[in-house]
There are 4 protein chains.
Amino acid sequence: MSFNTFGHVFRFTTWGESHGPALGAVVDGCPPGIALSEADIQPFLDKRRPGTSKFTTQRQEPDQVRILSGLFEGRTTGTPISLMIENVDQRSKDYSEVAKAYRPGHADYSYDAKYGFRDYRGGGRSSARETAARVAAGAVARAVIPEVEILAYVVEIGGDAIDRANFEKSQINKNPFFCPDEAAAGRWEKLVDEARKAGSSLGAVVECVATGVPPGWGAPLYAKLDSELAAAMMGINAVKAVEIGAGFEAARLRGEENADPMRPGTNQPLFLANNAGGIAGGISTGQPVVCRVGFKPTSSILTPVDTVTREGEATEIVTKGRHDPCVGIRGAPVVEAMMALVLADQKLLHRAQCG
Amino acid sequence: MSFNTFGHVFRFTTWGESHGPALGAVVDGCPPGIALSEADIQPFLDKRRPGTSKFTTQRQEPDQVRILSGLFEGRTTGTPISLMIENVDQRSKDYSEVAKAYRPGHADYSYDAKYGFRDYRGGGRSSARETAARVAAGAVARAVIPEVEILAYVVEIGGDAIDRANFEKSQINKNPFFCPDEAAAGRWEKLVDEARKAGSSLGAVVECVATGVPPGWGAPLYAKLDSELAAAMMGINAVKAVEIGAGFEAARLRGEENADPMRPGTNQPLFLANNAGGIAGGISTGQPVVCRVGFKPTSSILTPVDTVTREGEATEIVTKGRHDPCVGIRGAPVVEAMMALVLADQKLLHRAQCG
Amino acid sequence: MSFNTFGHVFRFTTWGESHGPALGAVVDGCPPGIALSEADIQPFLDKRRPGTSKFTTQRQEPDQVRILSGLFEGRTTGTPISLMIENVDQRSKDYSEVAKAYRPGHADYSYDAKYGFRDYRGGGRSSARETAARVAAGAVARAVIPEVEILAYVVEIGGDAIDRANFEKSQINKNPFFCPDEAAAGRWEKLVDEARKAGSSLGAVVECVATGVPPGWGAPLYAKLDSELAAAMMGINAVKAVEIGAGFEAARLRGEENADPMRPGTNQPLFLANNAGGIAGGISTGQPVVCRVGFKPTSSILTPVDTVTREGEATEIVTKGRHDPCVGIRGAPVVEAMMALVLADQKLLHRAQCG
Amino acid sequence: MSFNTFGHVFRFTTWGESHGPALGAVVDGCPPGIALSEADIQPFLDKRRPGTSKFTTQRQEPDQVRILSGLFEGRTTGTPISLMIENVDQRSKDYSEVAKAYRPGHADYSYDAKYGFRDYRGGGRSSARETAARVAAGAVARAVIPEVEILAYVVEIGGDAIDRANFEKSQINKNPFFCPDEAAAGRWEKLVDEARKAGSSLGAVVECVATGVPPGWGAPLYAKLDSELAAAMMGINAVKAVEIGAGFEAARLRGEENADPMRPGTNQPLFLANNAGGIAGGISTGQPVVCRVGFKPTSSILTPVDTVTREGEATEIVTKGRHDPCVGIRGAPVVEAMMALVLADQKLLHRAQCG
């Protein structure tokens, strides 16, 4: 089965392949009357855009978004918003090797096993290129939740983590790694460059914080805010792990250490800790919503790996071509987009039931 | 908003509160002609049942399931299967304290913030008691996927992990911790007992493995198998983290270490490693599907914690009553149930599109 | 596939068979804080209840509803509301004939063709008895839309229509036919009694009017208010036709006859006609929402009809037992319930998107 | 709320406005490996295309479809199929009158009441132009159900019905009315032309028959085949009534007249009548699936009609511009498309549950 729609009342559907003429998203359920233009979406696409530094794939894509419907006189009408991004740099390349043998770590084998058939050009639908459509949709979602600020940044690459003491929000956009720790960014430059030159790749951990989420968002029991975030994040290409608040670390704390005590606050309680990551019982508490997302290293590497052909014969494969040495870096804007998309949906869901 | 249904074509809806007369699940979309009786469901409920050892809550609930519909002459008819479990031991207790002040770590504040109103008796709908309904539904799901074997066990309590070298599948049901490592089980006995006596609590990590899943299950892009599992697991009470295969560890590996090389196999390729946890591009590869789930320590502890009243005044609260010192232990059967429910749904989804 | 849930954000799921121990509904997404008790639901069940006159089936069912969850101190909590009705009068009867041969007009053959298997006792899941669960759920829906008044009545039985000039709202509950025209009710008494005695059956047309629906409800394009109503009504047992406003008659009018001119009104425009039945472009206009629903004659008749056995051999069947001579009569409370369920869902959907 | 997706597992989402740059559909859940190209879709768009005779609107739109995704080497891959149709003839016109006052019978007032805002150019999203996207999606659906033949034709215009004795399937595409009765087509030519010249409009009834539907399709209880068809048809612009099989006429028959007796057949029973329209209990019986759909007369007429301005002042409006004198005519290909879309979805749903 194919399920290319995400969300309950604020929903988006994406379409398109790595090497097709275009890709896009249809955003449905957006409230009417919101000011929106391509200029509100483009900056987020630009953050995710490939080819901006040597630490990302060299594919050159302007990722220029067009809004084809759903607006009138610069405002949303409440009807579907169709977003389209043309593929420009589908370099003519020889895919005969990929067509024949499965690249380990990629979706080659599983897509073929499922569909009996696959578009092998650049990974087809399973390419991370599709996340451009999510980022575009995410920009629309942000316009629905102006009360929320969302920020994702990379906290670890190749096992080298930032020092929380050095955290500087202003650093995040000053280096090609979305890294809030200047010193770590410096180390990562060498680390990623070394991996790139060696034809290897590195994993990364992205953290995302949403501030300004009011208490009460979340749809228990099977569309809990944390459950929806987990689904949203785990669905991003190369993601293998998700945690909320203290996450796996919470499993190592005792009850009294993990509790987030409360004090009286101005409009809502003041929490003295945030191990819960802003979510209790699947519903936001008013604290910052915090999640961390683990990206595996890019599966495309120059080291030959054992594999099999479509016919089941042993062979080796080397994944040539243009690839991100650390796909988690460009994952940060995608994580932000998914956070925005989940929160916009939950805002509207909350309004539906609780007025 | 309230979303108490999970699944796309094999769906279940749960209802009921900790202290209501009963709780239950309606399973919809089950294929017809499957042999099913209460005896197929009860053993799974018994595994999750409270009061079976001093390491779990002392609430005494027989958790006897009744099937109210959907069967005829011992087989499923394809119509909704209504499962009901009566609450027996809703001990009359003084809830005036919980009614007044919010228990940190519980859903007390967030439910109140959302609904302006809550059933505070035993946590109401946010109680882990609801998971009995999931376990019952999960037993039906298992009948839909006889080709799959599902096994969950605890791999870590309070930061003390099992030794993988000691892994013995046969041990799992021999100790009250679903622990596959006899030595670890011995240590945990002391650890959990100490925490219990101290009125404290511990976190845990549960691992779940599904073998026999054929390649091809998973509904890209927004109902990927891993995405659905993440949602299913993160939606379990007290869960704060989910990972697939190597999970966060994958973020620390290099591309060549993380690759799962393939060799020719009998009916399908033979994988030489399983960092992917049996899922690539959101679709099963035919390898065992592996996930790990992090449970925070039970929020109910005897240490007084700062909190606020409904009126916003400072106070302290101690959560008396019957609680699990380590809620993750009884989480294992729930994790198994959610795995079964996701896989049954994905099996049918796959059949829908790919025949 | 089995789809026993209806609605988008205000959803209900029904379960149960004609001859099982019970049937019920789970209502999910209900706003919190609404006063609700079994006493609010029972009167609607009583209107639909069998055995109240000789013009309905003689099966004796008290149809006593129990609320098993979702309430606290007499108010809805926003969690699922589980409603259960026990079956009392599943008279032990010989079903061997029905088990062997298909009753024409019933779902016997189609259920068997679909599922390869069926519960033949009293029609199993396809029995109109299931509509009791809808009526119970519908009573909850009414509590969500107190601004709306819903009234269904029978306008035609066996081809004999009411005279609109005789329409008296107060008559509707004064006769066993929900008939607003006293004279017609008198004629129908003879008509239905004659059919009953002859072992035959009659069709009926039910009209339903909802007043107080504000302009703006409806979710274009594929959950339009009229589209949802059509689905809701066509899904009722024995219904074969649905029309909104002037309906098929509109197809015979010219544009200038069919137009509903507008004049300035107090808070909203005043419409000078209502051929649109209160819906334009799938969205309510503020006028009364009007639909008409055609019920076929009950398929259970004493006249022998040609049919085939499960093995494909020719035979004849006579449907003995307790049946409504005109199933459309008891359809009126079901039509009301479905109208309420659609409107409650649309109210919440509207609130989600448009605040 | 906005719901622009239809279907359960074979789903399509449409987007676009009458006067935007383009409109389109994203088809999701299509089985893989099906041969498909633009040439398979274009003929259906051509049937619906405006400007082909004087009996339809004079807007000139080539309605050229482009497939932007979901295909590889001429076959579907199982991923979303994005279809786009550019708007060419959005004639620059003065919309100041429509912007100010509501056109009775159109969605002008209801959209404004809902969204507080609307795209008034040519009806915006509520324009029947959107049905081009449905027709394109419907052509994909047809490829999923090659076993089914679908045919829609007009059986009545302005109250003048065909003579069933004159029914000639071959006539349907020989006249501009999709009329199977040559004599009726001749009469309609005068009738529609007279209405057109008078600036008036006429309603129509379209009948649609699907043959080859195997027994067993339909998802009881709330996605019954007839229920889904009713929703699909009632959601088409200008439709006010839907009936299945004998429809409202069944309400006038006695049980013994309405029964469809069965005789032994070759692979399945042979039905001696089809008052049920091929559906019993919401599940197909193997007989032809038959529905009839009532279209109101086009609301755009040259007769001045009383209305109000946005500011609530009385005025009159005349709807100038290019309009269909009988919108039901071009409704026939849309009815066919919706039938195909429902059946494709039900085929896959059936396969999901019943293998």
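Keep in mind it's a predicted model, so treat the numbers as computed, not measured.

Caption draft 1: The relation of the copies chain B and chain A, seen in detail. Laying chain B over chain A is done by rotating through 180° and shifting 0.0 Å along the axis; what remains is an RMSD of 0.0 Å. In symmetry terms, the pair is related by a two-fold rotation axis. With an isologous cut-off of 70% or more, the 100% of interface residues of chain B that recur at the interface of chain A puts this contact in the isologous class.

Caption draft 2: The interface of chain C and chain B, seen in detail. Of the residues lining the interface, 42 residues belong to chain C; the matching set on chain B comes to 42 residues. For the chain C face of the interface with chain B, the top three residues by lost area are W15, F72 and F117 of chain C, together amounting to 21%. Where chain C meets chain B, there are zero salt bridges. Connecting chain C to chain B are six residue pairs in polar contact (both at pLDDT 80 or more). A per-element tally of the side of chain C that touches chain B places strand 2 (residues 11-16) of chain C first, with five residues.

Caption draft 3: Broad picture of the sheet that holds strand 4 (residues 65-67) of chain D. The five strands lie next to each other as 1-2-3-7-4 (chain D), forming an open sheet whose pairing is antiparallel. Both outer strands of the open sheet, strand 1 (5-6) and strand 4 of chain D, are each paired with one neighbouring strand and no more.

Caption draft 4: Region of the structure containing the pattern of salt bridges. One pass over the full model with this rule turns up 106 salt bridges over all chains. Here E147 of chain B makes a salt bridge to K347 of chain B, at a shortest N to O gap of 2.9 Å. Within this pair, whereas E147 of chain B is found in the loop between helix 4 (131-144) and strand 8 (149-157), its partner K347 of chain B is found in helix 8 (residues 327-354), the two being separated by 200 residues in sequence. Residue classification places K347 of chain B among the buried positions, given a relative accessible area of 16%. Notably, a salt bridge pairs D193 of chain D with R196 of chain D, separated by 2.8 Å at the nearest N-O pair. Of the two residues, D193 of chain D and R196 of chain D both sit in helix 5 (residues 182-197), three residues apart, roughly one turn of that helix. Look at D193 of chain D and you get buried, because its relative accessible area is 11%. On the basis of relative accessible area, R196 of chain D is assigned to the partly exposed category, the value being 34%. Sharing partners across several salt bridges, the network here consists of R103, D108, D112, R118 and R310 of chain B.

Caption draft 5: Main features of the interface of chain B and chain A. Contact with chain B, which involves 106 residues of that partner, is made by 106 residues of chain A. Interface area for chain B against chain A, summed over the two sides, is near 8,000 Å², with a carbon-plus-sulfur share of 62%. Here chain B and chain A share six salt bridges between them. Across the side of chain B that touches chain A, the residue classes break down as 55 nonpolar, 32 polar and 19 charged.

Caption draft 6: Structural detail: the packing of aromatic side chains. All names here are of chain D. Enumeration according to the criterion identifies 46 aromatic pairs over all chains in this entry. Ring geometry for Y102 and Y109: centres 5.3 Å apart, planes at 75°, overall edge-to-face. Note on Y111 and Y115: the rings are 5.6 Å apart at their centroids and 55° apart in plane angle, and the pair reads as tilted. In this pair, Y111 and Y115 both sit in helix 3 (residues 108-115), four residues apart, roughly one turn of the helix. Classification of Y111 by relative accessible area gives buried; the value is 6%.

Caption draft 7: Quick look at the sheet that holds strand 16 (residues 289-295) of chain D. With antiparallel pairing, ten strands are arranged side by side in an open sheet as 9(C)-8(C)-10(C)-16(C)-11(C)-11(D)-16(D)-10(D)-8(D)-9(D). Of all strands in the sheet, those with a lone pairing partner are strand 9 (160-161) of chain C together with strand 9 (160-161) of chain D, marking the two edges. Across seven bridges, strand 10 (residues 204-211) of chain D lies against strand 16 of chain D in antiparallel orientation. Along strand 16 of chain D, the bridge assignment pairs V205 of chain D with G294 of chain D. Relative to the sheet, helix 5 (residues 182-197) of chain C contacts strand 8 (149-157) and strand 9 of chain C, its axis offset from that of strand 8 of chain C by approximately 60°. On the sheet, helix 6 (residues 225-234) of chain D packs against strand 11 (239-244) of chain C together with strand 11 (239-244) and strand 16 of chain D and is oriented at approximately 160° with respect to strand 11 of chain D.

Caption draft 8: Representation of the relation of the copies chain C and chain B in the model. Superposing chain C onto chain B takes a rotation of 180° plus a shift of 0.0 Å along the axis, which leaves an RMSD of 0.0 Å. Interface residue correspondence from chain C to chain B reaches 100%, placing this contact among same-surface, isologous pairings.

Caption draft 9: Expanded view of the side chain of D193 of chain B. At a separation of 2.9 Å, a polar atom in the side chain of D193 of chain B contacts the side chain of R196 of chain B. Discounting chain neighbours no more than four positions away, the residues touching D193 of chain B are K54, F55 and W188 of chain B.

Caption draft 10: Spotlight on the UniProt feature "binding site: FMN" (unreviewed entry) in chain A. All names here are of chain A. Mapped onto this numbering, the UniProt entry gives "binding site: FMN" (unreviewed entry) at R125, S126, S127, N237, A238, G281, K296, P297, T298, S299, S300 and R322. Spanning 198 residues, the named residues are also spread out in space, since their farthest C-alpha pair is 43.5 Å apart. As for its placement among the helices and strands, S299 is situated in the loop between strand 16 (289-295) and strand 17 (305-308). We classify S299 as buried; its relative accessible area is 16%.

Caption draft 11: Structural view of the UniProt feature "binding site: NADP(+)" (unreviewed entry) in chain A. All names here are of chain A. Here, UniProt's "binding site: NADP(+)" (unreviewed entry) annotation points to R48 and K54. Position of R48 relative to the elements: it lies in helix 1 (residues 38-48). Not counting residues within four places of it along the chain, the set of residues in contact with R48 comprises D63, A128, R129, T131, A132, V135, R330, P333 and V334. Those residues in contact with K54 that lie beyond four places of it in its chain are D193 and R196.

Caption draft 12: Structural detail: the environment of F248 of chain D. With respect to the helices and strands, F248 of chain D occurs in the loop between strand 11 and helix 7 (255-258). Its relative accessible area of 8% is what places F248 of chain D among the buried residues. If we skip the residues at most four places from it in the chain, F248 of chain D touches V205, A241, V242, E243, F248, R292, V293 and G294 of chain C together with E243 of chain D.

Caption draft 13: Inspection of the pairing of strand 8 (residues 149-157) of chain A at higher detail. Residue and element names in this part refer to chain A. Across the nine residues of strand 8, eight count as buried, placing the element largely inside the fold. Relative to strand 10 (residues 204-211), strand 8 is paired through eight bridges, and the arrangement is antiparallel. Bridge pairing links I150 to A210 in strand 10.

Caption draft 14: Fine view of unusual backbone geometry. P220 of chain C connects to L221 of chain C through a cis peptide bond whose omega is 0°. Along the polypeptide, L221 of chain C turns up in the loop between strand 10 (204-211) and helix 6 (225-234). One non-glycine residue, A238 of chain B, adopts positive backbone phi at about 75°. Relative to the assigned elements, A238 of chain B resides in the loop between helix 6 (225-234) and strand 11 (239-244).

What counts and how
Residues numbered from 1 in each chain as written. Chains lettered and ligands numbered in written order. Predicted model: local features only at pLDDT ≥ 70, side-chain atom pairs only at ≥ 80, totals over all residues. Heavy atoms only, no water. Least-squares fit on C-alpha atoms with pLDDT ≥ 70 in both. Contact = heavy atoms within 4.5 Å. Buried area = accessible area lost by both parts, 1.4 Å probe. Salt bridge = Lys/Arg side-chain N within 4 Å of Asp/Glu carboxyl O. Polar contact = N/O pair within 3.5 Å; in protein donor to acceptor, adjacent residues only side chain to side chain. Helix = DSSP H or I, 4+ residues; strand = E, 2+ residues; numbered from the N terminus. Pairing = 2+ DSSP bridges. Buried < 20%, exposed > 50% of the residue type's maximum accessible area, 1.4 Å probe, protein only. Nonpolar A, V, L, I, M, F, W, Y, C, P; charged D, E, K, R; others polar. Phe/Tyr/Trp six-rings, centres within 6.5 Å; stacked < 30°, edge-to-face > 60°. Axes fitted to C-alpha atoms, helices over the stretch in contact; angles between N-to-C directions. UniProt positions renumbered as here; feature names shortened; annotations may be inferred.

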